[in-house]
Amino acid sequence: MSLSATRKTFTLNTFRYCTCATALHPSPDLHHLLQLSITHRSLPLAQQSHARVLTYGLHQNPLIATKLISAYAQFNHPTNSKLVFDEMPDRNVGSWNVLIGGFGSGGECEFGDGVLEMVKGMMRSGLRPDGFTVSSLLAMCGGKGVGGLGYGREMHCYVVKYRLELSLGSDVHLGCCLVDMYCRSGRVDLGRRVFEGMKCRNVYAWTAMVNGYVQNGGSDEALVLFRKMQGEDGIEPNRVSLVSVLPGCISHAGLTGGKQIHGFAIRKEMTHDVSLCNALIDMYCKCGSLDFARRVFEDDSFCKDAISWSSMISGYGLHGNGDEAIVLYNKMLRLGIKPDMITIVGVLSACSRSGLVNEGLSVYSSATTDYGIKPTVEMCACVVDLLGRSGELDRAFNFIKTMPAEPNPSVWGALVTASVLHGNRDMQDLAYKFLIQLEPENPSNYISASNFFASSRRWDVVAETRTMMKDRGLRKTPGCSWISITGKTHSFYVADKVHPCCDSIYEMLDYLILIMREPPISMT
């Protein structure tokens, strides 16, 4: 019997026991029953427990009601949580915290008017939000949500004003929440300021700051901080720390750093963790070491999930090994692992890079018909790329016209790339028009289109495109390249004069250009 089936049987048997006991004991331990529904993720059991709460008139019991609110929050049912909460005659800070936290537990709630009204209601009732209230609210602040960074900074002011970090006995919890909020808002500098001001920094605080740098493109800072965590504070990274820092190795192709992290994981016997192994597979694939990625994937010390298979399949595709990606995908299906959208995108990308048109179309058809996967715009973009790269531009365009999802810039971008590859100017012109229409604020589209029109000597359209770009106040971000030397990354922009060694660099570049322009030396 599988683990999930065992859990269901245990839950049902427990409920049957309570049901049988009802005749003898009219008030069964509903608090324990509600905890079982949360532990075993059983919404029906929570609903049945709720019915019993109403039957015995216990919905006004603060302890039972709060547990019921928590249960519904676990199943992402905030409306039901609010209904239970509204029936409570006496509410304390704990019940308010469970309600507010439940609204943010789904990960999609934003600090909007509804949450703000709850906080105001709490304060009108004479209760002041505590550290746990603020930590729940901070999870809904920042990012691109309603209010964005503004609400988060207000929460920060509230923490400082009422010295909440002291009331919790430690500033670690709130500090981590503030660091996370600022980093999600793109203000890593403010997150670092909070981090440096924390009196006590544990592994979670360091991990939050490292993750913030990685998510905002500061891979160098993340790796420096990761080493500092172990060297200065003597804090040993945990599994989450390693998973957070590994993408920083990917950004600058830091294979050496990635191998060191892998070695640390082996020494600390962490390689049984599936999320860490998935991160290692992804890192090795994107750093160009497919053999090491395959070694991690084929290690039987961890139980592979769909992400493990998808990461390895995508790695094969990234390196142009479409045939191996197909073989691995078929093996995955034979083992009874159901593919998801990410898996299909990985296989389709692999087929596209390897020119396996028929195989890719077969995978797409099977995914939608046999496995009931709804075609997403990402999957459709891969199909367009697959057909376009093989030269079937008309077929790709017809697919776009009939695709079940609304075409987005990635779809038209794939058609543009294919049109350039095969020199089809009419199709390229058409794709650019749709691309600019969908992304009027993306300067790269205007630059590419202008260059295309210039190559066709359509100077009037070039001038019109440049004027549109100027009127919108758009400027293209200059291209950037980088190189890592002795652990330090050096970045360069177009016509860059900022680098401290730029004089020596340009002198060497002029010398190389001079050598390349010299006539070839005859070997006879």
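Note that the structure is a prediction, hence the values are computed from the model and not measured. (Residues numbered from 1 in each chain as written. Predicted model: local features only at pLDDT ≥ 70, side-chain atom pairs only at ≥ 80, totals over all residues. Heavy atoms only, no water.)

## Some remarks on helix α19 (residues 306–318)
Here's step 1: Taking 1.5 Å of rise per residue, 13 residues should cover 18 Å, and α19 covers 18 Å from first to last C-alpha, within 8% of that figure.
Here's step 2: Looking at the buried side of α19, the elements it contacts are α17 (274–286), α18 (290–298), α20 (322–334) and α21 (341–354).
Here's step 3: Put simply, Asp305 is the residue that caps the front of α19, since its side-chain oxygen is 3.1 Å from the backbone nitrogen of Ile307.
Here's step 4: The first or second residue beyond α19 is Gly320, which carries a positive phi of 75°. (Helix = DSSP H or I, 4+ residues; strand = E, 2+ residues; numbered from the N terminus. Expected span 1.5 Å × (residues − 1). Contact = heavy atoms within 4.5 Å. Polar contact = N/O pair within 3.5 Å; in protein donor to acceptor, adjacent residues only side chain to side chain.)

## A few points about the packing of helix α8 (residues 131–138) against helix α9 (residues 149–162)
Helix-helix packing is described using two parameters, namely the angle between the two axes and the distance between the axes.
Here's step 1: Contact pair α8 / α9: the axes reach a minimum separation of 10 Å and the direction vectors enclose 165°. Classified by the interaxial angle, the pair formed by α8 and α9 is roughly antiparallel. Here α8 runs over α9; the crossing is left-handed. Contacts between α8 and α9 involve Val134, Leu137 and Leu138 from the first element and Gly152, Met155, Tyr158 and Val159 from the second. (Axes fitted to C-alpha atoms, helices over the stretch in contact; angles between N-to-C directions. Parallel < 35°, antiparallel > 145°, perpendicular 65-115°, else oblique. Left-handed = near helix turned anticlockwise from the far one by under 90°.)

## Notes on the confidence of the model for the chain
Here's step 1: Summary statistics for the chain give a mean pLDDT of 82 and a share of 86% for residues scoring 70 or more.
Here's step 2: Confidence drops under a pLDDT of 50 for residues 1–27, and excluding neighbours within four residues, the segment shows 20 contacts in the predicted structure. (pLDDT = per-residue confidence, 0-100.)

## As for unusual backbone geometry
Here's step 1: Of note, the phi angle at Asn76 is positive, near 60°, even though the residue is not glycine.
Here's step 2: Secondary-structure assignment places Asn76 in the loop between α4 (62–74) and α5 (78–86).
Here's step 3: Look at Arg163: it is not a glycine, yet its phi comes out positive at around 50°.
Here's step 4: Relative to the helices and strands, Arg163 resides in the loop between α9 and α10 (164–167).

## Examining the packing of aromatic side chains
Here's step 1: Tallied over the full model, the rule gives eight aromatic pairs.
Here's step 2: Relative to Trp96, the ring of Phe85 has its centre 4.7 Å away and its plane inclined at 70°; by these criteria the two rings are edge-to-face. In this pair, Phe85 sits in helix α5 while Trp96 sits in helix α6 (residues 93–104), placing the two residues eleven residues apart along the sequence. Taken as a pair, Phe85 and Trp96 share a single burial class, namely buried.
Here's step 3: Among the aromatic residues, ring-to-ring pairing joins Phe397, Trp412 and Phe434 into one connected group.
Here's step 4: Lying over the aromatic face of Phe292, Arg295 brings its terminal NZ or CZ to 4.7 Å of the ring centre.
Here's step 5: Over the ring of Phe302 we find Lys304, and its NZ or CZ is 5.2 Å from the ring centre. (Phe/Tyr/Trp six-rings, centres within 6.5 Å; stacked < 30°, edge-to-face > 60°. Buried < 20%, exposed > 50% of the residue type's maximum accessible area, 1.4 Å probe, protein only. Lys NZ or Arg CZ within 6 Å of the ring centre and 35° of its normal.)

## Structural notes on α8
Here's step 1: In terms of burial, α8 is largely enclosed, as seven of its eight residues are buried.
Here's step 2: Gly131, Thr133, Val134, Ser135, Ser136, Leu137 and Leu138 are the residues of α8 that are buried.
Here's step 3: Backbone nitrogen of Phe132 and a side-chain oxygen of the N-cap are separated by 3.1 Å at the start of α8; the cap is Asp130.

## A look at a nonpolar patch on the surface
Here's step 1: There is a patch of nonpolar side chains on the surface, built from Met508, Leu509, Tyr511, Leu512, Ile513, Ile515 and Met516 and spanning about 670 Å² of accessible area.
Here's step 2: Within the element layout of this structure, Ile513 appears in helix α29 (residues 502–517). (Patch = residues over 30% accessible without salt bridge, like charges linked within 9 Å, V, L, I, M, F, W, Y side chains within 5 Å. Areas by Shrake-Rupley, 256 points an atom, 1.4 Å probe, with all protein chains shown as cover. Salt bridge = Lys/Arg side-chain N within 4 Å of Asp/Glu carboxyl O.)

## Describing the environment of Glu87
Here's step 1: Note that Glu87 resides in the loop between α5 and α6.
Here's step 2: On the accessibility criterion, Glu87 (47% relative accessible area) is partly exposed.
Here's step 3: Sequence separation between Glu87 and His59 is 28 residues, and the spatial gap between their C-alpha atoms is 7.1 Å.
Here's step 4: Residues contacting Glu87, with those up to four places away along its chain left out, are His59 and Gln60.

## Topic: the pattern of salt bridges
Here's step 1: Taken as a whole, this structure holds 13 salt bridges when the rule is applied.
Here's step 2: The salt bridge involving Arg184 is made with Asp180; its shortest N-O contact spans 2.9 Å. Of this pair, Arg184 and Asp180 both sit in helix α11 (residues 172–184), four residues apart, roughly one helical turn.
Here's step 3: On the basis of relative accessible area, Asp180 is assigned to the partly exposed category, the value being 34%.
Here's step 4: As a salt-bridge pair, Asp291 and Arg294 come within 3.0 Å of each other at their nearest N and O atoms.

## Describing the nonpolar core
Here's step 1: In this structure, Met312 and Leu415 are the most contacted members of the largest nonpolar core, which totals 142 residues.
Here's step 2: Not counting chain neighbours up to four residues away, the residues in contact with Met312 comprise Ile281, Cys285, Leu290, Ala293, Arg294, Phe297 and Leu328. (Core = buried A, V, L, I, M, F, W, Y, C linked by side-chain atoms within 4.5 Å.)

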